[in-house]
Each structure stands twice: as C-alpha cells, then as structure tokens.
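# Analysis of the macromolecular model
The residues making up each chain are set out below.
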Amino acid sequence: MHKLYSNKKVIFTLMAPGLFVFAAAILAPILLSVYYGFTDYSGIGKSSFIGLDNYKTLFQDSVFWTALRNSLFLAIGFICIQHPLAMLTAIKLDKLQGKAEGLFRCIFFIPNVISVAVIAYLWKFIYNPNFGLVTKVLKNLGFTGQLNLLGSGNAIWSVLIVLIWHGFGWGMLIYYTGVKNIDPVMYEAASIDGANGRDIFFHITLPLMKPVIQVNVTMAVIAALKQMETVYLLTAGGPGNETQFMASYLYKQAFQSYKYGYGNSISVMFIVICLISTVALNRIFAERGE
Amino acid sequence: MKKRQIGMLLCAAAAAITLAGCGSGKTKTEDTKAGQESSKETGKESSQAAAGGDVVIKVFSNLPDRTSGQGLIEQTLFDQYMEKNPNVKIQVEALDDESYKTKFKAYASGSDMPDLVNAWGQPSFLDEVIDAGLLAELNPADYNDYGFIQGALDGFSKDGKLYGLARNTDVMAFYYNKSMFEKYGVKVPETYDDLLAAVNTFKAAGVIPVSMDGSDKWPLSIYINALYQQYNGSTSSKEIREAVKTGDYSNEAWTKSLDQLKKSIDAGIFQTGFETTDYATSMNLFTNGQAAMYYMGSWEMSMATNENIPEEIRNNIGVFNMPAVEGGKGTKTDLTAWNGGGHAVTANSKVKAEAIKLLNYMYQPENWSKLCWEKGVCMSAQNFSQYLTGKETALQLEFVDKVNNATSISGVTFNDLGTNQFKTVSEDASVEFAIGQLTAKDFTDKLAGAMKK
C-alpha cells in the first residue's frame, strides 16, 4: 500500500480530478482575463492585441483611483468604526447574561440575514430627501433646510453607514464567540489582584482576543475590497462616480460600456491589489504573533 | 506486480467515478438552467407540444413581462402565429434590458444565436452588431405598404441596407398634473420662461416642480438634447450627429442649452436628490401627487389607465413638449422623438426565411400597430390612424396630436449616437454637469474625448 502511494503515477491519478477542476474553473478564467486585459475586446467581433495600453489608461483613469480610495476608505471605516463598536457590544453582551443576552444577540444580527437588495432599497427610502425617514424626523425637529444624504459629498458617508450597519452583526458575533472563549478564571484572578475594568480590558480581554481580531480585520479588508452589490443598488456609483468601488467600476466598464478588455485589466489589478493586501495583513499579524 | 496493477485499476475506477460525478453535476446545472429558461417561455406551451412543430424559431426578447404591456402584445402575436402555422414552434427567452444586452454579447460570441432578436436602432447598439455581420439583411421593398412613418427605419439602416424593423415611436415630454396646475393657477408653459415661472410657483407651494429620474442618467441627456433643439431649431438632428462624429461642439446651442439646464436646476426645477432618484421613485413622486410634472417618454402613457394610480391623478394627466426658449430657433412642435427598439433576424439563423416571415407577420399594420394602440401600450412606428377606436385616453390622443403636428423630429438623441463607451461617458457627464461637478466646457470636452480612441 505504501508503495502504491509513493508511485508518482498513482499520486497524479488521484490528484487529477481536483487539479482539473481547479484548472478549468479558476486558473483558466484568470489566465483568460489576463490575456483579454491586453486586448481591446468589446464582446462582439474581432479584438486586437494592444499591449499595455489598457494599463496605461488605467493608471491615468481618475475614476479608478477614486474607486481604490473608496475601497480603502471603507476598509478604514470598518476597522476604525465598525469593529471597535462590534467588540464593545460583544463584551457588553457577554456581561448581560440570561434572556436579554440571546435577545440582543439576535437583534444585532438581523441586518445580516436580510438580503442585500432589500437593505439597499430600505436605506434608499430612509435617505430619500423628499419623503425619507431622516428628512421627516428632522422636519419634525424643526430643521427646515434640504438635506440630500445621497448627494455629492454626503453619498460616501451614507454608503459607509449602511455597510457598517449591515456587517455589524457578523463582526459582533465573531467577537462575541471570542469573548465567550476567554476563561472567566482570568477575570476573577485579576479582580482579586485589584485590577479595574479598564485594566482587565486592556490586559486580559484585548490580548486574548488577538486571533479573533486578526480574522475579523482580514475579513473586513476583503469585504471592503470586494464591495459591489450594496453600493451598486444604493447609488450605482453615483452621484457622478463619487461612490464607485473597484468591483462596481469593473462592472460598469465591462458590462455597460462593453469594454471587456479594459474591464479585464481592471480585474487583473483588482486581483493584484487583493493579493498584496492579504500578504501585507498576514505579515503584520505574523510579526505581532511572535 | 499484479497487486500494483489492481491498485492502478482501482485508482482509475475511482477517478472515473469522480469525473462521472463531475459530469452529471454539470448536466444537472444545465438542466436547471434550461428549466429556468423554459419557465420564461410563457404562452400556450401545451398547444405547442401538441402541434409537434417542424420549425423551431428561437426568439430572444427584452420584454420579460409577458403578461402586460409590450411583452403581452409580442406574446399574443407569437401565439396567433403558431395557431395559424401549426408547424412552427416559437421559443421565447426574455430578459430585461441590461441583462439582455449582456447575454446578447455572449450569444454573439458563440455560434448558436437565436433566430429573431430584439435590437435597438441606435448606433451605440447596432453599429457594432452590423459590423460583426450578425444581422440578416431585409428587403426594404417588402415593407412599402406597412405604413412605417418617415425615417422610422433609418436607425436600422446602414449603408443603404435594412437590418431590422422599429417597434415604436417614442416621444419625450413633460407629463403634468392638470388639477395641480389649476389649483396653483399655472398655465401650460408656452415658453421656457413660463416653465421657470411655474417652477417658482410650485416651489413656493412646497410642491416638486418636475420629477426627474437622474439615477438612470439618460433622461437628463435627453433633456439637454431637447433644449438644444429649441435653441438650434429644426435642423438639430443633423447637427447633433455631426457633433458626435467629429467631436466639434462649438455650436453655441450646446453652451446655451447647458446654461439653461444649470439655471433651471439652480431654480429648483427637479426634486432634491434627483441625481440618485431612480425610475420608479421619480414616477411615484408624480403619480402620488408630490410632483406637478414628470419628464419621461410616451411609453408611460398607460399611466392614464393604470389602476394603481389614484383616480384623481390618472384622469388628470396632460402632456406638453419642451417649450420654446428665448432667442431660440425652435418651436414647441420640434419634437424629441425617435424610433428605438425593434426586431431583427440573425444572419446565421438556420431558419432565417421562417424567422423573417414571422417578423413580417408581426409588423403587418393590423398586428403590432393595432394591438399596441388598442391596448394603450405605445405608439407604433407605423401609421396607425386607421386604428383609432374613439376610446383612447386624452393622453394618448395628445401624443398622437404631437406626432402628427411635429415640425421636426430629433431622432436618436446624442447620448445614443456614439459607441457604448460614448453612451456611458456622455450620460455620466450629463449628471455630473447637472450637479455642478462639470462646467459646460468640461462637458463638451468629455464628449469629444469619448469618441477618440
């Protein structure tokens, strides 16, 4: 049997189906994408090889940089606003105990189980400057001006709020599990030693949550880079191209302007950026981990 | 040695099973896909099956709603055709515009295109398709007695050859709420200044003057086009085409139209946040009585018969064209209208002759034209005056009147006159200009730049 497994042919035969699926479903499309990134293919008719032209255009394309900046903005928003909130809520929830704990855990998680399309339309109506909830509430409070929350300058913040709200429950749930896994004996010991709540948080909870934070931050960055559907349905990248994200811009170029070649070059850059950020994050956490 | 061979055999068997597993998995997904598609094939499927058709015509349509509006009319005609020709079976696959265009591209790159397809008689869609040789040439002489209105088939012709038939005449205009106009003492604007005065009246009363679908962007582009016609007069159609082709936007009508739009927006002509208001919401603002006017195309004339709209509103809808501007050469009878969507037959269709027969059947005046009008769905691109029933809504008649009395017609508006890239850039620019992110010069520069390679 051992002999059988060390036979290269056998190994290959066993690996082949998996390799085949990987090559056909993942590798080939990526390679095709790279190839089309060098052409001016429009989806119909012939295409010609234009070398690095798409990439040259890309680097001068201000909308691409806006999209990249928006993705980073979203990632920072997730890390600096959503996650601290989620973690604090998780810790508070842990202390609640009893029925209330389950109830609030459920309530906080509700936005996460609602479909993205519903979320987007829900918020579109909340933000609507003519009949939206926000406008109505402000009007009743005596505000007389016009507030256009999805307008120029405000839109990106409005999008950020929706995305933070939507993803909050998921982040919280993971932190909550992390908190639950901390041995209560630690807290008791610390209290006996005279540590106050602050000390306990910074010296026990936070360090022990490190692996959880690592997972959550990585997921947040990936979610920010991948952002597409909510923003597409909420603002369609508008007004103008203010709330364009990389994935939505790619979609727009490839499927609305029908510049498949250009769209593919964006997707290649997209993959490169995702890989770089994943590697960078791993590095950062690996160094801390030692 | 024997042992090893058995081992190898077992491995191969295992691999085969795994692969077979993959294979069956694939067919399964294909099955479900076919299932989804067949679920869209509405109509009398049972009778189709019973007929056991010899000829199968595959239709790819952009009218996914087969139970109302134009989709219903298309389906009705297909059903009629199958009844008359028991040997023909028509299979319909329908998707909405965006998905339709994407899948059309996918079909185009394969060899198995549907036989009868939907097409838009606009360069942004059609040029590429014709250049790739995807559409079958039609014989213009066949349609001499079909009563197509003048210029209706221009969009589907290239280099003197005809590639498709236009379905409708689309007119862009201001719908207005008659009772609201009465209530605030506003008369139907004769000039653009009247319109701006009306804007002030409605603003002061807390009513949205004009509801605008800015999220889709093209209504704003068309608004600019309509203003241009008012400044430049009846020859606009030709000059706009030239401008798009050459990238020369020096005609001062461009600047004037853009300035006028900016001035109107500063005066608050559209609702706050119009740039992100989508089609349905902008229409709702009007049909709920929050807006006094609504800038949209004639395809929404069925508002007058839509029972979901409150009676006091649906019975009081009127329509007027872009009013004349001061110092402009145009008049209010210079219409912003075009013949957009239509049908074409694909060049590589295996049943090309049969598909053309079906196409011709659909477009016989007593079919599409008559049905559309009777159901109040739209105005066909053919002369349908003989089908007036006397039961038309006032709104329908107003539109007919507009078309019959037009002194000039814009044809396809500027945003659809270039490539797909030009379409996105020019429509984006229209919104960016409207919200003050671009100046008039930036706008024309962008348009000029978009047509360059």
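Residues numbered from 1 in each chain as written. Chains lettered and ligands numbered in written order. Predicted model: local features only at pLDDT ≥ 70, side-chain atom pairs only at ≥ 80, totals over all residues. Heavy atoms only, no water.

For chain A, the count of helices and strands is 14 helices and 0 strands. The globule rule puts the C-alpha radius of gyration for 290 residues at 19 Å, and the 24 Å found for chain A is more than 25% above it. If you line up chain A on its principal axes, its C-alpha atoms span 75 × 75 × 30 Å. Buried positions account for 43% of the 290 residues belonging to chain A. Once local pairs closer than 6 in sequence are excluded, the contacts in chain A between residues at least 24 apart make up 67%. Counting every atom, chain A has about 15,900 Å² of accessible surface; 70% of that belongs to carbon and sulfur. Across chain A, the centroid of the 21 positively charged side chains sits 9 Å from that of the 13 negatively charged ones. (Helix = DSSP H or I, 4+ residues; strand = E, 2+ residues; numbered from the N terminus. Rg over C-alpha atoms; globule rule 2.2 N^0.38 Å. Buried < 20%, exposed > 50% of the residue type's maximum accessible area, 1.4 Å probe, protein only. Contact = heavy atoms within 4.5 Å. Areas by Shrake-Rupley, 256 points an atom, 1.4 Å probe, with all protein chains shown as cover. Lys, Arg positive; Asp, Glu negative; His and termini not counted. Charge placed at Lys NZ, Arg CZ, Asp CG, Glu CD.)

It is worth spelling out the confidence of the model for chain B at this point. All names here are of chain B. Residues with a pLDDT of 70 or more make up 88% of chain B, whose mean pLDDT is 85. Taken element by element, the predicted model of chain B shows its lowest mean pLDDT in helix α2 (residues 45-51) (41) and its highest in strand β8 (residues 208-211) (96). When the criterion is pLDDT under 50, residues 9-52 qualifies, and its contacts beyond four places in sequence or with other chains add up to 26 contacts. We note a pTM of 0.83 for the whole complex and an ipTM of 0.82 for its interfaces. (pLDDT = per-residue confidence, 0-100.)

Another aspect to go through is the packing of helix α8 (residues 155-180) of chain A against helix α11 (residues 210-226) of chain A. Residues and elements named next belong to chain A. Running from N to C, α8 and α11 cross one another at 165°; their axes reach a closest spacing of 9 Å. Accordingly, the angle class assigned to the pair α8 and α11 is roughly antiparallel. The handedness of the crossing between α8 and α11 comes out as right-handed. For the pair α8 and α11, the contacting residues are Trp-170, Gly-171, Ile-174, Tyr-175 and Gly-178 in the first and Val-212, Ile-213, Asn-216 and Met-219 in the second. (Axes fitted to C-alpha atoms, helices over the stretch in contact; angles between N-to-C directions. Parallel < 35°, antiparallel > 145°, perpendicular 65-115°, else oblique. Left-handed = near helix turned anticlockwise from the far one by under 90°.)

Pairs may arise between side chains of opposite charge once their charged atoms sit close together. Tallying each qualifying case throughout the model produces 21 salt bridges over all chains. Among the ionic pairs, B:Asp278 bridges to A:Lys124, the shortest N-O distance being 3.1 Å. Here the residue B:Asp278 occupies a position in the loop between α10 (252-266) and α11 (279-287), and A:Lys124 occupies one in helix α6 (residues 116-127), the pair thus bridging two chains. Its salt-bridge partner being B:Lys105, residue B:Glu128 comes within 2.7 Å of it at the nearest N-O pair. Separated by 23 residues along the polypeptide, B:Glu128 in helix α5 (residues 123-131) and B:Lys105 in helix α4 (residues 97-109) bring together distant segments of the chain. Residue class for B:Glu128 comes out partly exposed when judged on its relative accessible area of 22%. On the basis of relative accessibility, which here comes to 6%, the residue B:Lys105 falls in the buried class. Here the residues in one salt-bridge network are A:Asp94, A:Glu101 and A:Lys180, joined through shared partners. (Salt bridge = Lys/Arg side-chain N within 4 Å of Asp/Glu carboxyl O.)

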